[in-house]
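Residue-level structural notes
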Amino acid sequence: DFGLETAKLLAYSFDEKNMRAFLLYRNLSGYHCLDDVINRRLPPETMASYQVREKDILGLLAKAVLRYQGKNYFYPDLKPKHVFVDFMNLKIALIDLERFEPLDRKSWLHRFEFVRVLAHRNEIKMFLSLLGKKNAALSDFMKLSRKRKQ
């Protein structure tokens, strides 16, 4: 258990020629897309609800990411648009999990510990850069990451 929810997949289509997919998920009732939060595309009262619990929400997300990384899983699509948050119940849901997999299934290079650490570090760095802001909660995210690596 990684401490994450997932959306129920209702339908999908895959274009083998262009290697692209279309996924249709059931609505995650009560959840808000983290990308909408970051870009302030939610009503003011919803944004206020997020701001009150921001540190808890990002801490919960950090712990979930570190939990799956600790079990040698990798999610190259960890982006705010794939992360959904239930502010009231403090739950995190992810979508687009088709590339979420153990590092053991990646190339032979990922058998080396330093390559795994680098992959996980880059995963977190990319996610933080996509969040587009630096604050105490994000700093905590990185501190948790560094502690696990030591």
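A quick note: this is a predicted structure, and the numbers were derived from the prediction, not measured. (Residues numbered from 1 in each chain as written. Predicted model: local features only at pLDDT ≥ 70, side-chain atom pairs only at ≥ 80, totals over all residues. Heavy atoms only, no water.)

**A word on the overall build of the protein chain**
Helix and strand counts for the protein chain come out as four helices and eight strands. Sequence-ordered secondary structure for the protein chain, helices as α and strands as β, is β-β-β-β-α-α-β-β-β-β-α-α. For the protein chain, contacts bridging at least 24 residues in sequence account for 65% of all contacts bridging at least 6. Surface exposure of the protein chain reaches about 9400 Å², of which carbon and sulfur atoms provide 52%. (Helix = DSSP H or I, 4+ residues; strand = E, 2+ residues; numbered from the N terminus. Contact = heavy atoms within 4.5 Å. Areas by Shrake-Rupley, 256 points an atom, 1.4 Å probe, with all protein chains shown as cover.)

**What to know about the packing of aromatic side chains**
Within the structure shown, the criterion is met by seven aromatic pairs. For the pair Phe2 and Tyr68, a centre-to-centre distance of 6.2 Å together with 80 degrees between the ring planes defines the contact as edge-to-face. Linking Phe2 in the segment before strand E1 (5–6) with Tyr68 in helix H2 (residues 44–70), this pair joins segments that are 66 residues apart in sequence. For the pair shown, Phe2 and Tyr68 are each scored as buried. Grouping aromatic residues by their ring pairs yields a cluster made of Phe2, Tyr68, Tyr73, Tyr75 and Phe100. (Phe/Tyr/Trp six-rings, centres within 6.5 Å; stacked < 30°, edge-to-face > 60°. Buried < 20%, exposed > 50% of the residue type's maximum accessible area, 1.4 Å probe, protein only.)

**Quick notes on H2**
The first and last C-alpha atoms of H2 sit 36 Å apart over 27 residues, in line with the 39 Å expected at 1.5 Å per residue. Largest kink in H2: about 70 degrees, centred on Arg53. Looking one or two residues past H2, Asn72 carries a phi angle of roughly 65 degrees, positive in sign. (Expected span 1.5 Å × (residues − 1). Bend = angle between axes of the 7 residues up to and from the residue.)

**As for the pairing of strand E6 (residues 83–86)**
A two-sided burial pattern is seen for E6, the buried positions comprising Val83 and Val85 on one face and Phe84 and Asp86 on the other. In this sheet, E6 lies alongside strand E4 (residues 32–33) in antiparallel orientation, the contact comprising two bridges. Paired with His32 across the bridge in E6 is Val85. Sheet topology places E6 next to strand E7 (residues 91–94); four bridges connect them, and they run antiparallel. Its bridge partner lying in E7, Val85 is registered against Ile92. Counted between consecutive antiparallel strands, the loop separating E6 from E7 contains four residues, among which Leu90 sits at a positive phi close to 50 degrees. (Pairing = 2+ DSSP bridges.)

**With respect to the environment of Arg105**
Examined against the element boundaries, Arg105 turns out to sit in the loop between strand E8 (101–102) and helix H3 (113–131). Arg105 sits 32 residues away from Tyr73 along the chain, and the two C-alpha atoms are 9.5 Å apart.

**Topic: the confidence of the model for the protein chain**
Averaged over every residue, the pLDDT of the protein chain is 82; residues scoring 70 or more account for 85%. The least confident element of the protein chain is helix H4 (residues 136–149), whose mean pLDDT is 57; the most confident is E4, at 95. (pLDDT = per-residue confidence, 0-100.)

**Concerning the sheet that holds E6**
Strand order in the open sheet made by the four strands is E1-E7-E6-E4, with mixed pairing throughout. Both edges of this open sheet fall to E1 and E4, since each of them pairs with a single strand only. Of the strands in this sheet, E4, E6 and E7 touch H2, which is tilted by about 80 degrees from E7. (Axes fitted to C-alpha atoms, helices over the stretch in contact; angles between N-to-C directions.)

**Observations regarding the nonpolar core**
By size, the foremost hydrophobic cluster in this structure holds 25 residues, and its most contacted members are Leu34, Tyr68 and Val83. Within the residue set of this core, elements represented by two or more residues are helix H1 (34–38), H2, E6, E7 and H3. The greatest single-element share of this core, amounting to nine residues, is contributed by H2. In this structure, Ala7, Leu28, Cys33 and Ile95 belong to the second largest nonpolar core, which totals seven residues. (Core = buried A, V, L, I, M, F, W, Y, C linked by side-chain atoms within 4.5 Å.)

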